[in-house]
Amino acid sequence: MLQVIQRLYESPIATAIRESENLFPILQTFHIVGTIALAGAIAIVDLRLLNVLLRREATVRVAESLLPITWIGFALMVVSGGLLFVAQSARIYENVFLRMKALLLVLALLNVALFHATTFRQIRSWGPDGVETPVSARVFAALSLVLWAGIIVTGRFIAYF
Amino acid sequence: MSSSVVRAGLVALLAVAAFGAAPTRAHHSFSAMYDAKKPVRLTGRLTKVEWTNPHSYFHLEVKGADGKITTWACEGAGPGALSRRGFNKGDIKVGDTIVVDGYLARSGGKIIDARRITLPNGRVVSGGTPGDGGPQAGPAPAR
Amino acid sequence: MIERIFVRLGDTAVGQYLASSTAAFATVESLHIVALAVIGGVILAANLTVVGWILRGSKASAVIDQLRGLFLGSLVVVALSGVLLVAAGPYKYYTNPLFPLKLLLLAMPLGIHFVLQKRLRTRRDVDTGARVLAFGSLFLWSGVVIAGRWLGLI
């Protein structure tokens, strides 16, 4: 595996990004903008699911409004994150925080997928003027908040340790 | 549908678990967590230059008073920041003797931040990471 | 005089502690980013509603009202963690031209937010002027984030 990482690290594209004057910082900028779009929009939806805010708006409308933003954010993150990883792969591959971040990311995506495959299907019936948001939806939402926050924290820690 | 999601998820989790179980090593700090109370001046021969993001690295072979040679790494800013200060990749090469003033890394390794670099032609450049909170001009050269 | 404020901030116990502990500094910085993501979500949701791209059936002023609590809460966390980050190494912010730019870029959308709120209340909800303000706000907030990131890179 280490050989694959090393070859990735030495590839022309990884080297070009790593030795660039502005491309690397620009990718970092897209990474933070993507973080805000993705995590920020997710936070609003999760908080609505937890009945903490936007209580006068139907949950389905909040979700429908913000999910497209999460998709844009996710696309930004995949591209910028992928390129940033490739450029630094050999250097950060053994970083414990990178590994934690990867694990949290898989868990967060699993959480989203499971939610959409199950509980989310009844979203149209949830408040206001509908039924109470089911407990399972709130569990998914709470987990989502914790996981995405953890991804941000572990991601930042990569640079320090 | 949900069972294939679960299956895909389990495969992904296993892959990540394998990734996580492989040997880890705490990386040296990238941020300028250097000890401002421990100024260091290194004079040595460049054995390796990494003109990279997020940090550049200049590896020096330093000969001690006892004649023993130790290898030090000097961490500097990324290529963009360096070039904006007039310090470019072609300004130094392996084999050059340079002087680097910086502060010792808190991790205890033979690492300093490349706060001030004196090039072979005598030109002095700032190599440090901008905005890292460290002393602006770098340690005063020992007289 | 401003320099003295920065120096005093750096001399505080918490400033000294954050300057000496990588883990503590990284924690505060991470908190800054998490709160930034939350406030970013609020700003996106609020301004995109005014612009008319999302939550179209709802009254924009009502949406903004419902987001106010989270907006203020996350703003407090962003601001406080930001002050702590400056305390950990005040000199770097004091001498970096991007820092006052970032603060200026921050003050403007905050100002716009109050103007926009008032406008939405006094008129029959959203009009072209409100939409322009909302677009401007989004643009300026992006500038805050970008300036913040490039602080450490120039």
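Scoring rules and cut-offs
- Throughout this description, residue numbers start from 1 for each chain and increase along the sequence as written.
- The order in which chains are written sets their letters, starting at A; the order in which ligands are written sets their numbers, starting at 1.
- Totals for whole chains, interfaces and linings use every residue, but because this is a predicted model, local features are given only for residues with pLDDT of at least 70 and side-chain atom pairs only at 80 or more, for both listing and counting.
- Put simply, DSSP H or I for four residues or longer makes a helix, DSSP E for two residues or longer makes a strand, and each gets a number counted from the N terminus.
- Neighbour counting defines burial: a residue surrounded by 20 or more other C-beta atoms within 10 Å of its own C-beta is buried, one with 12 or fewer is exposed, and intermediate counts give partly exposed, using backbone-placed C-beta atoms.
- Think of it this way: build a C-beta for each residue from its backbone, and any pair within 7 Å is a contact.
- In predicted models, pLDDT denotes the confidence assigned by the predictor to each residue on a 0 to 100 scale.
- Only C-alpha atoms enter the line fits that serve as axes; for helices the fit covers just the stretch in contact. Angles between N-to-C directions range over 0 to 180 degrees.
- Put simply, angles under 35 degrees are roughly parallel, angles over 145 are roughly antiparallel, angles from 65 to 115 are roughly perpendicular, and the rest are oblique.
- In this scheme the crossing of two helices becomes right-handed for a clockwise turn of the near helix relative to the far one and left-handed for an anticlockwise turn of less than a right angle.
- Here the term charged refers only to Asp, Glu, Lys and Arg, the term nonpolar to Ala, Val, Leu, Ile, Met, Phe, Trp, Tyr, Cys and Pro, and the term polar to all other amino acids, Gly among them.
- Only when DSSP finds a minimum of two bridges between them are two strands counted as paired.
- Here the expected span of a helix is defined as 1.5 Å times the quantity of residues minus one.
- For this analysis, nonpolar core means a set of buried Ala, Val, Leu, Ile, Met, Phe, Trp, Tyr and Cys residues linked through C-beta atoms within 7 Å.

Visitor: Explain the overall build of chain C here, please?
Guide: Secondary structure summary: chain C contains 7 helices and 0 strands in total. In chain C, the succession of helices and strands from N to C terminus is α-α-α-α-α-α-α. Taking all 154 residues of chain C together, the buried fraction comes to 45%. Of the contacts made within chain C by residues no fewer than 6 positions apart, 77% connect residues no fewer than 24 positions apart.

Visitor: What am I meant to see in the overall build of chain A here?
Guide: Each helix and strand counted, chain A has 6 helices and 0 strands in total. Along its sequence from the N terminus, chain A presents helices and strands in the succession α-α-α-α-α-α. C-alpha extents for chain A along the principal axes are approximately 60 × 30 × 25 Å. In chain A, which comprises 161 residues, the proportion classed as buried is 46%. The contacts of chain A with a sequence gap of at least 6 include a subset with a gap of at least 24, amounting to 81%.

Visitor: I would appreciate a short explanation of the confidence of the model for chain C in the present structure.
Guide: For any part of a model where pLDDT is low, the fine detail of the predicted coordinates should not be relied upon. Taken over all residues, the pLDDT of chain C has a mean of 90, while the share at 70 or more is 100%. Predicted complex metrics record ipTM = 0.93 and pTM = 0.88.

Visitor: Looking at this structure, how should I read the packing of helix 3 (residues 22-51) of chain C against helix 7 (residues 128-150) of chain C?
Guide: For any two helices packed against each other, one specifies the inter-axial angle together with the distance between the axes. All names here are of chain C. At a minimum axis separation of 8 Å, helix 3 and helix 7 run at an interaxial angle of 150°. In terms of their interaxial angle, helix 3 and helix 7 are classed as roughly antiparallel. Pair helix 3 / helix 7 crosses with left-handed handedness. Listed contacts from helix 7 to Ile43, Asn47, Val50 and Val51 of helix 3 are Ala130, Arg131, Ala134, Phe135, Ser137, Leu138 and Trp141.

Visitor: Explain the interface of chain A and chain C to me, please; I cannot follow it from the model alone.
Guide: Think of interface size as the accessible area that goes away when the parts come together; that is how it is often given. Contacts between chain A and chain C engage 29 residues on the former and 28 residues on the latter. Elements with a minimum of two residues in the side of chain A that touches chain C: helix 3 (23-49), helix 4 (59-92) and helix 6 (135-157) of chain A. Top contributing element to the side of chain A that touches chain C by residue count: helix 3 of chain A, with 14 residues. Partitioned by chemical class, the residues of the side of chain A that touches chain C number 19 nonpolar, 5 polar and 5 charged.

Visitor: I would appreciate a short explanation of unusual backbone geometry in the present structure.
Guide: Glycine aside, a negative phi is what most residues show, and trans is what most peptide bonds show. Cis geometry is found at the peptide bond from Asn53 of chain B to Pro54 of chain B, where omega equals -10°. By secondary structure assignment, the location of Pro54 of chain B is in the loop between strand 1 (34-50) and strand 2 (56-63). For Asn51 of chain A, which is not glycine, the phi dihedral falls at a positive 60°. One can find Asn51 of chain A in the loop between helix 3 and helix 4.

Visitor: When you look at the pairing of strand 4 (residues 97-105) of chain B in this model, what are you seeing that I'm missing?
Guide: Within a regular strand, side chains alternate between the sheet's two faces. Residues and elements named next belong to chain B. The pairing of strand 1 with strand 4 spans 8 bridges and is antiparallel. When the bridges of strand 4 are listed, Tyr34 appears paired with Ala105. Examined bridge by bridge, strand 4 and strand 6 (residues 116-118) share 3 bridges and lie antiparallel to one another. Residue Val100 lies in a different strand from strand 6, and its bridge partner there is Ile117.

Visitor: Explanation requested: the packing of helix 5 (residues 96-117) of chain A against helix 6 of chain A in the structure shown.
Guide: All names here are of chain A. Remark: helix 5 packs on helix 6, axes separated minimally by 9 Å, with the N-to-C direction vectors making an angle of 155°. Considering their axes alone, helix 5 and helix 6 lie roughly antiparallel with respect to each other. Crossing handedness for the pair helix 5 and helix 6: left-handed. From helix 5, Phe97, Met100, Lys101, Leu104, Leu105, Leu107, Ala108, Asn111 and Phe115 reach across to helix 6, where they touch Phe140, Leu143, Ser144, Leu147, Trp148, Gly150, Ile151, Thr154, Gly155 and Phe157. A per-class count over the contact of helix 5 with helix 6 returns 13 nonpolar, 5 polar and 1 charged.

Visitor: Would you mind going over the environment of Pro79 of chain B with me for this structure?
Guide: Within the secondary structure, Pro79 of chain B sits in helix 2 (residues 79-84). Taking the C-beta count within 10 Å as the criterion, Pro79 of chain B has 24 such neighbours and is therefore assigned buried. Separated by 18 residues in the primary sequence, Pro79 of chain B and Thr97 of chain B place their C-alpha atoms 20 Å from one another. Discounting residues that sit within four places of it in the chain, Pro79 of chain B has contacts with Glu19, Ser20 and Glu21 of chain A together with Trp51, Asn53 and Ser56 of chain B.

Visitor: Is there a simple way to explain helix 7 of chain C in this structure?
Guide: An α-helix turns once every 3.6 residues. As a result, residues three or four positions apart point the same way. Compared with the 33 Å implied by 1.5 Å per residue over 23 residues, the 33 Å span of helix 7 of chain C between its first and last C-alpha is a close match. Taken together, the buried positions of helix 7 of chain C are Ala130, Leu133, Ala134, Ser137, Trp141, Val144, Ala147, Gly148 and Trp150 of chain C. In this structure, the buried side of helix 7 of chain C is in contact with helix 3 of chain A together with helix 3 and helix 6 (98-122) of chain C.

Visitor: I would appreciate a short explanation of the nonpolar core in the present structure.
Guide: Grouped burial of nonpolar side chains is what soluble globular proteins tend to show. Ala41, Ile44 and Ile152 of chain A together with Ala37, Val42 and Leu67 of chain C are the most contacted members of the largest nonpolar core, which totals 92 residues. Considering every element that reaches this core, the biggest residue donor is helix 3 of chain C, with 18 residues. Excluding anything up to four places from it in sequence, Leu67 of chain C contacts Leu53 and Leu54 of chain A together with Val42, Ala45 and Ala46 of chain C. If you look at the next biggest cluster of nonpolar residues, it comprises 14 residues, including Tyr34, Leu60, Cys74 and Val100 of chain B.

Visitor: Please clarify how the pairing of strand 2 of chain B should be interpreted in this entry.
Guide: Residues and elements named next belong to chain B. Taken together, the 6 bridges between strand 1 and strand 2 define a ladder with antiparallel strand orientation. Its bridge partner lying in strand 2, Leu46 is registered against Leu60. Adjacent in sequence and paired antiparallel, strand 1 and strand 2 are bridged by 5 residues. Relative to strand 3 (residues 69-76), strand 2 runs antiparallel, the two sharing 8 bridges. If you follow Tyr57 over to strand 3, its bridge partner there is Glu75.

Visitor: Got a minute to help me understand the environment of Lys38 of chain B in this structure?
Guide: Residue and element names in this part refer to chain B. Mapped onto the fold, Lys38 is located in strand 1. Taking C-alpha positions, Lys38 is 11 Å from Asp113, a pair spaced 75 residues apart along the chain. Residue contacts for Lys38: discarding those within four places in its chain leaves Tyr103 and Leu104.

Visitor: Any chance you could explain the environment of Phe157 of chain A here in plain terms?
Guide: Along the chain, Phe157 of chain A turns up in helix 6. Classification of Phe157 of chain A as buried rests on a count of 21 C-beta atoms within 10 Å. Those residues in contact with Phe157 of chain A that lie beyond four places of it in its chain are Phe97 of chain A together with Ala26 of chain C.

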